[in-house]
Each structure stands twice: as C-alpha cells, then as structure tokens.
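A closer look at the structure
This is what each chain is made of:
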Amino acid sequence: MPELPEVETTRRGIEPHLLGRTVSRVIVRNRQLRWPVPARLDATLRGQRIAHVRRRGKYLLLGFEQGSLILHLGMSGSLRILPVSQPGEKHEHVEWQLDDGHCLRLRDPRRFGAVLWTRRDPLEHRLLAHLGPEPLSEAFDGDGLHTRAAGRRQAVKPFLMDSRIVVGVGNIYASEALFLAGIHPRRAAGRISLARCRQLATAIKQVLAEAIEQGGTTLRDFTDSNGRPGYFKQRLNVYGRAGESCPRCGQPIRQQVIGQRASYYCPRCQK
DNA sequence: ACTGGCTCCTGAGGGC
DNA sequence: TGCCCTCAGGAGCCAG
C-alpha cells in the first residue's frame with residue numbers, strides 16, 4: 001500500500017528515466033480504474049515531451065507541454081520503467097511508451113488508482129486544490145496542527161489521515177507517529193495541547209523522512225523487472241504488531257478499529 | 001462545519 | 001489440495 005514515502009520513492013525512481021523523453025505511444029489495456037482513464041490518451045500524449053515529474057501528497061504529476069497527467073497509485077498501484085519488449089504482466093493497465101525504447105507501466109491489481117489528464121495547472125485540479133500542507137515542508141508544523149484541531153472532537157488518528165489537514169499520512173504512519181508522540185489514537189484532536197501537537201508534527205516528519213530513506217534503498221532500481229519492494233515492516237514499532245510487546249515499555253500492543261481503520265497502539269505509552 | 005459510513009476491487013489468509 | 005468466505009485499505013463522496 002503506497003503511502004507518501006513510497007510515492008516519493010517512486011517519483012525519484014522514475015524521474016531520471018522520464019525527464020526530456022517524448023511519448024511515442026500510449027496503450028490502455030483497462031480503463032476502469034477509480035475513474036475511467038481518459039479516452040484518446042494516446043492521441044493526446046503522442047509526441048509530447050515530459051518536462052517534469054512532481055508529487056503533491058500521494059499524487060504524481062507528470063508535466064507535459066500541453067498539460068499534466070495526474071497519477072494516483074491507490075493502494076496496490078506501482079510504476080516501473082521497462083523495455084517495451086518486456087512481456088506484460090497481469091494488471092498492467094496502462095503503458096506509456098517512450099522514444100528510447102523503454103516504457104512506463106502502471107500495474108494496479110485492485111484498481112483503486114487513477115490516471116487523469118488536465119490541460120490546466122494540476123495543483124488547481126479539484127482533487128488537489130484543497131489539499132493540506134506537505135508534511136515534510138515548513139508549511140506543516142505543530143502550531144498549524146493545533147489551530148486546525150481546535151474544537152474538533154474527531155479522534156486524532158482519522159484527523160491526521162484527512163488530506164485537508166495534512167497530506168500523505170496514511171494508516172500505517174498515523175499509527176507510528178502517534179506512538180512516537182505518545183498520543184492515544186482515539187484522543188479527540190481538539191484535546192491535544194500545543195506542546196504535544198508540536199511533538200506530533202515532529203514525529204510525523206521523522207517517521208516519513210525515515211521511511212523515504214528506507215524506500216531509497218529498498219526500491220533502488222526501477223528498471224529491474226524483479227524489483228518489487230517489500231514493505232518496511234522491520235522498522236515499524238506498532239503497526240501490525242497486536243499482541244507483541246511495546247518496544248518502549250513491554251506492554252502488549254493493542255489493535256482497535258478507529259474510523260473503520262485498524263489502529264495499533266500501546267495502552268501504557270499512549271494517552 | 002463536522003463526522004461517520006459506504007464504496008470501488010482483488011489477493012491473501014483462515015477454516016474446513 | 002482446493003474451495004469458500006471474509007476482510008483490508010486510499011480517499012472521494014454522501015447523508016445526517
């Protein structure tokens with residue numbers, strides 16, 4: 001399940017292979033993703049040069065001369081650079097062929113991902129226009145978090161996963177950051193002190209930055225057809241570890257569903 | 001303005 | 001060995 005670190009790692013992995021390349025052909029094998037893949041994508045993109053590869057939240061933005069592709073990996077999507085001659089695999093729904101004999105392929109078994117095209121500034125697109133700050137930027141800090149949380153009774157974990165508050169904090173890293181900050185996932189967002197909001201913001205930055213570093217080593221080679229990454233489970237303190245000992249105090253870690261999502265926490269360390 | 005619940009989909013994992 | 005059932009999970013969307 002790609003969270004922000006995996007999306008950023010993907011961006012870094014594909015960028016050098018795409019910059020300055022021209023699309024020679026687009027093949028859409030299955031257009032039924034979260035939204036239908038735009039019709040005539042091949043006609044739209046053919047001959048256009050890729051000017052930049054950016055990321056906003058978990059969206060990847062491929063900038064062309066006449067518009068931008070907006071890509072989302074959903075929860076099972078992945079992008080790889082392969083030789084065009086490489087035989088296709090199951091669930092490879094879209095292929096962008098480049099002028100150097102390689103192609104970018106989107107594989108997405110669960111098809112929660114998205115491929116959209118816009119001729120305007122992608123940051124103004126309705127899916128992106130109202131996103132909260134990037135967690136690793138200076139625009140995101142504990143003071144801002146505290147302000148946004150004021151008066152809200154929603155549990156802090158789903159609050160953190162709301163992309164209008166901050167982007168890119170998915171289910172796994174929300175649990176991890178709350179553990180680091182010592183905050184119970186069910187605590188009302190509006191009942192966290194400024195000092196603890198600052199700790200929480202720091203924890204979010206730390207967890208995501210560390211995961212990106214990990215991703216950088218795990219997902220090194222995007223041209224390797226065998227390079228499916230494992231997830232960074234070895235680094236996780238609480239996620240997926242119900243019943244195991246808390247690494248800080250030894251208490252058994254608990255699992256609880258909060259906002260329809262599995263949440264993991266230490267009942268002793270997190271208040 | 002908030003909040004919780006539903007939805008899309010497939011593969012994994014458990015039970016028998 | 002295989003079949004069936006259940007469930008996870010990002011995030012937009014809608015109802016209350």
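Values in this document were obtained by computation on a predicted structure and should not be read as measured data.

Tracing the backbone through its elements, the reader meets Lys58 in the loop between β2 (50-56) and β3 (59-64). For the buried Lys58, no salt bridge is present, and the opposite-charge side chain at shortest range is Glu3, 4.4 Å distant. Once you skip the residues sitting within four places of it in the chain, Lys58 turns out to touch Pro2, Glu3, Leu4, Val7, Leu71, His72, Gly168 and Gly170.

Okay, the sheet that holds strand β4 (residues 67-72) next. Spatially, four strands are ordered β2-β3-β4-β8 in an open sheet, and the strand pairing comes out antiparallel. In this open sheet, the two strands that pair with only one neighbour each are β2 and β8 (114-118). Here the strands of the sheet are splayed against their neighbours by 20° on average, with no regard to which way each runs. Taken together, the five bridges between β4 and β8 define a ladder with antiparallel strand orientation. The residue of β8 that forms the bridge with Ile70 is Leu116. This element, helix α1 (residues 4-18), spans β2 and β3 of the sheet and lies at about 175° to β2.

On to the protein's contact with DNA strand B. Neighbouring DNA strand B are Lys90, His91, Pro109, Arg110, Arg111, Phe112, Arg152, Arg153, Gln154 and Gln260. Each atom of DNA strand B within 4 Å of the protein was assigned to sugar, phosphate or base; sugar and phosphate come to 59%. One nitrogen or oxygen atom from the side chain of Arg110 is found 2.8 Å from a base oxygen belonging to DNA strand B. Arg152 places a polar side-chain atom, nitrogen or oxygen, 2.7 Å from a phosphate oxygen of DNA strand B. Within the surface near DNA strand B, the residues separate by chemical class into two nonpolar, three polar and five charged.

Turning next to the nonpolar core. Leu160, Leu200 and Ile204 are the most contacted members of the largest nonpolar core, which has 35 residues in total. Take this core: its biggest share by element is eight residues, from helix α6 (residues 194-218). With sequence-adjacent residues up to four places away left out, Ile204 is seen in contact with Pro135, Phe140, Leu160, Val169 and Ala177. Judged by nonpolar contacts, the second largest core, of 26 residues, contains Ile14, Leu33, Leu45 and Phe64.

A word on the protein's contact with DNA strand C. Residues in close proximity to DNA strand C total 17 residues, the closest being Tyr59, His72, Met75, Arg126 and Tyr239. The separation between a phosphate oxygen of DNA strand C and a polar side-chain atom of Arg126 is 2.6 Å. At 2.4 Å, a side-chain N or O of Tyr239 approaches a phosphate oxygen of DNA strand C. Its residues assigned to classes, the surface near DNA strand C comprises eight nonpolar, four polar and five charged.

Another point: the state of the cysteines. Here the structure, examined in full by the defined rule, presents zero disulfides. Unpaired in this structure, Cys197 has its nearest cysteine sulfur neighbour in Cys269, at a distance of 19 Å. For the unlinked cysteine Cys266, the closest cysteine sulfur is that of Cys249, found at 3.6 Å. What makes Cys266 buried here is its relative accessible area of 0%.

If you walk across this open sheet you meet the four strands as β1-β6-β7-β5, and the pairing is antiparallel. Edge strands, defined here as strands with exactly one partner in the open sheet, are β1 (23-28) and β5 (78-83). Pairs of neighbouring strands in the sheet enclose a mean axial angle of 20°, with direction left out of account. Looking at chain direction, strand β6 (residues 92-98) and strand β7 (residues 102-107) are connected through five bridges and run antiparallel. Bridging from a neighbouring strand, Val94 pairs with Leu106 of β7. The strands touched by α1 are β5, β6 and β7; relative to β5, the strand with the most contacts, the crossing angle is about 30°.

The rules behind the values
Residues numbered from 1 in each chain as written. Chains lettered and ligands numbered in written order. Predicted model: local features only at pLDDT ≥ 70, side-chain atom pairs only at ≥ 80, totals over all residues. Heavy atoms only, no water. Helix = DSSP H or I, 4+ residues; strand = E, 2+ residues; numbered from the N terminus. Buried < 20%, exposed > 50% of the residue type's maximum accessible area, 1.4 Å probe, protein only. Lys, Arg positive; Asp, Glu negative; His and termini not counted. Salt bridge = Lys/Arg side-chain N within 4 Å of Asp/Glu carboxyl O. Contact = heavy atoms within 4.5 Å. Pairing = 2+ DSSP bridges. Axes fitted to C-alpha atoms, helices over the stretch in contact; angles between N-to-C directions. Near = heavy atom within 4 Å. Polar contact = N/O pair within 3.5 Å; in protein donor to acceptor, adjacent residues only side chain to side chain. Nonpolar A, V, L, I, M, F, W, Y, C, P; charged D, E, K, R; others polar. Core = buried A, V, L, I, M, F, W, Y, C linked by side-chain atoms within 4.5 Å. Disulfide = S-S within 2.5 Å.

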